[in-house]
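These are the residues of each chain, in order.
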Amino acid sequence: MLTELRIANFAIIDELSVSFDEGLNVITGETGAGKSIIVEAVALLLGDRASTEVIRSSEETAQVEAVFKLDGSGPLRQILAEMGFDQEDELYIRRVISRSGRNRVYINDTSVTLGMLADIAENLINICGQHEHQAILNSANHIDILDEFGGLLSFRQEFRDDFLRYRELLARMDQLRERKARGEERDDFLRFQLRELEVADVKPGEDAALSEERLRLSQAQKLQELAGSAYECLYDREGSLLEEFSRIMAAITEIRKIDMKFDLLQEHCDNIYYQLEDLAHTLRDYNAKLTHDPERLAVVDDRLELLARLKRKYGGSIQQILNRRSEIAQEIGALTSLDDEIKLLEKEIEATREQLRKKADHLSSLRSERAKVLAQAVEVEIRSLNMPQAAFVVAIAKSLAEDGRENWNEKGGDQVEFYLRSNLGEDLKPLNRIASGGELSRIILAMKKALAAVARIGTIIFDEVDSGIGGATAQTVGKKLREAAKHQQVLCITHLPQIACFGQRHYRVEKKIQLGRTIASMECLDDDRRVDEMARMLGGANITEKTLAHAREMLQTARLMT
């Protein structure tokens, strides 16, 4: 419930502070006094977009503040808890509009986003004005009205959760089928590449080993000459190095016989000799293995050429070739498993579709039951609003696709539309074909009255609810507003005294000129000033004792009627 409203530097409002109470709060004033400006300011608290044009001339910022009293528990408490706000009994909202464009929103003095404000405010206030008329005329909104009245929003949320999951499954199926279609085109190509790589049977480091072998094969003759020459020098000729070293060892032996202090051990000489002998044998054996093999050289050249081509094709290195072979095998395996994955997903989709169908049918059944109750409740209210022959029908039809299958959306599988017959003998017509603004105003009021008992919103503002009505109908509208205010706080802006007299508190908005500037103000009227305001609404500028008496009579009558 809205308990306090403060507006500063907003349009022609310099500074305004007013308190509201539960029940019916009526707001009156001359045309152009600023009543609609107050509604525009409140709309900012609902998250409406703001323009710097609303900032009062010569001021840098405009500000709207409101205090709400919170009762019990419910969606609003849950939203606040999820946002991290303490569970207090009062909620303070402030919005600042700046010429610099740095607009700010605060909830309980904590800065929040405009989206967070909208999520909270939609559970606090509903402004019923021209926009509401358009919303009621739009048949797309009728299903929401029925579900809210019938208490079906929780059932609908369950359906929505399943529907969104179902839609995700369908999207996943489309992706799999698209992958399969692409895979079928790509499968032959991948298998060709895999066969090519499997036949090649590339080994890690193979290119380096083959390059070394090729060098040996291509230089075999030179290697033979070098190894043979070295062996001959060491061993296989007269005066070879080993033969000469034998003479050196004999000379050293003779030296040691004569000079016992000669510091060269015989075993050192023996080791050198044996090492030279091993080297000679190694060169001999190496030379024996060397062959000039043109056929093997051709095979190595062909293999190296193949590896070079594969490296160019698959990434530039042997390792990249091996990686690509593994990747291709995995991709082919994945494509092969797509059929199994698609089959499993088809079963899951079918099971989810069947679950959706059951929930949609259950939701449709509940809607059919609630639709009768809503139609009866609205019809009773309409007929009491000087439309005694009116008939109101809530029509429900299955939503079907072009192929005749059920066409579900997040709200289920139904199309809901409201029909009205204003007078006996006329056909039922969709609400958007109602020509009379007065009839539409009464329809909206009737719906609000019917929804009041189940409404989650604490405050409703009726802006110009008296459009197109007057006389006895206006009095009935006033009485209905008073009845609706038993369930939720109602703020009503009106030009009709027949409605204003039912208010439990009466506020007057007036426009004055102070120090050369126009200023709008708003105050709660005491009993005497309320009589004066009622007289003004009845008689205009010329207030007589007769109009004052009439005003008192209307107020007394309204008290007796409620």
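This text follows the structure it describes.
To keep things clear, this report deals only with the structure shown in the data block. (Residues numbered from 1 in each chain as written. Predicted model: local features only at pLDDT ≥ 70, side-chain atom pairs only at ≥ 80, totals over all residues. Heavy atoms only, no water.)

### So, the sheet that holds strand β1 (residues 2-10)
- Pairing in this open sheet of 6 strands is antiparallel, and the strands run β2-β1-β4-β5-β6-β7 from one edge to the other. Edge positions in the sheet fall to β2 (13-19) and β7 (110-112), since each of these pairs with one other strand and no more. Taken over all neighbouring pairs, the strand axes of this sheet differ in orientation by 15° on average, direction set aside.
- Note: strand β6 (residues 104-107) against β7, 3 bridges, orientation antiparallel. Residue pairing across strands places I107 opposite T110, the latter belonging to β7. (Pairing = 2+ DSSP bridges. Helix = DSSP H or I, 4+ residues; strand = E, 2+ residues; numbered from the N terminus. Axes fitted to C-alpha atoms, helices over the stretch in contact; angles between N-to-C directions.)

### Concerning the packing of aromatic side chains
- Scanning the model with the defined rule gives 7 aromatic pairs in all.
- Taken together, a centroid distance of 5.0 Å and an interplanar angle of 55° make the contact between F20 and Y507 tilted. Placement of F20 in the loop between β2 and β3 (24-28) and of Y507 in strand β14 (residues 505-514) is noted, with a sequence separation of 487 residues between them.
- When its relative accessible area of 1% is taken as the criterion, Y507 is described as buried. (Phe/Tyr/Trp six-rings, centres within 6.5 Å; stacked < 30°, edge-to-face > 60°. Buried < 20%, exposed > 50% of the residue type's maximum accessible area, 1.4 Å probe, protein only.)

### Re helix α9 (residues 241-258)
- Over its 18 residues, α9 extends 26 Å from the first C-alpha to the last, a length consistent with the 26 Å expected when each residue adds 1.5 Å.
- For α9, the set of buried residues is L242, F245, M249 and I252. Down the axis of α9, the buried set is contained in an arc of 65°. They therefore lie on one face. Those residues of α9 that are exposed and aimed more than 90 degrees away from the buried face are K257 and I258. (Expected span 1.5 Å × (residues − 1). Arc of directions from axis to C-beta.)

### Overview of the pattern of salt bridges
- Per the stated rule, a full pass over the model turns up 40 salt bridges.
- Here K411 makes a salt bridge to D144, at a shortest N to O gap of 3.1 Å. With a gap of 267 residues between them, K411 in the loop between β9 (391-398) and β10 (414-421) and D144 in helix α5 (residues 142-150) connect regions that are remote in the sequence.
- On the accessibility criterion, K411 (27% relative accessible area) is partly exposed.
- Accessibility expressed as a relative area gives 22% for D144, which makes it partly exposed.
- Among the ionic pairs, K203 bridges to D201, the shortest N-O distance being 2.5 Å.
- On the basis of relative accessibility, which here comes to 40%, the residue K203 falls in the partly exposed class.
- For D201, a relative accessible area of 35% puts it in the partly exposed group.
- Members of the salt-bridge network, linked through shared partners, are E30, R508, E510, K512, E533 and R536. (Salt bridge = Lys/Arg side-chain N within 4 Å of Asp/Glu carboxyl O.)

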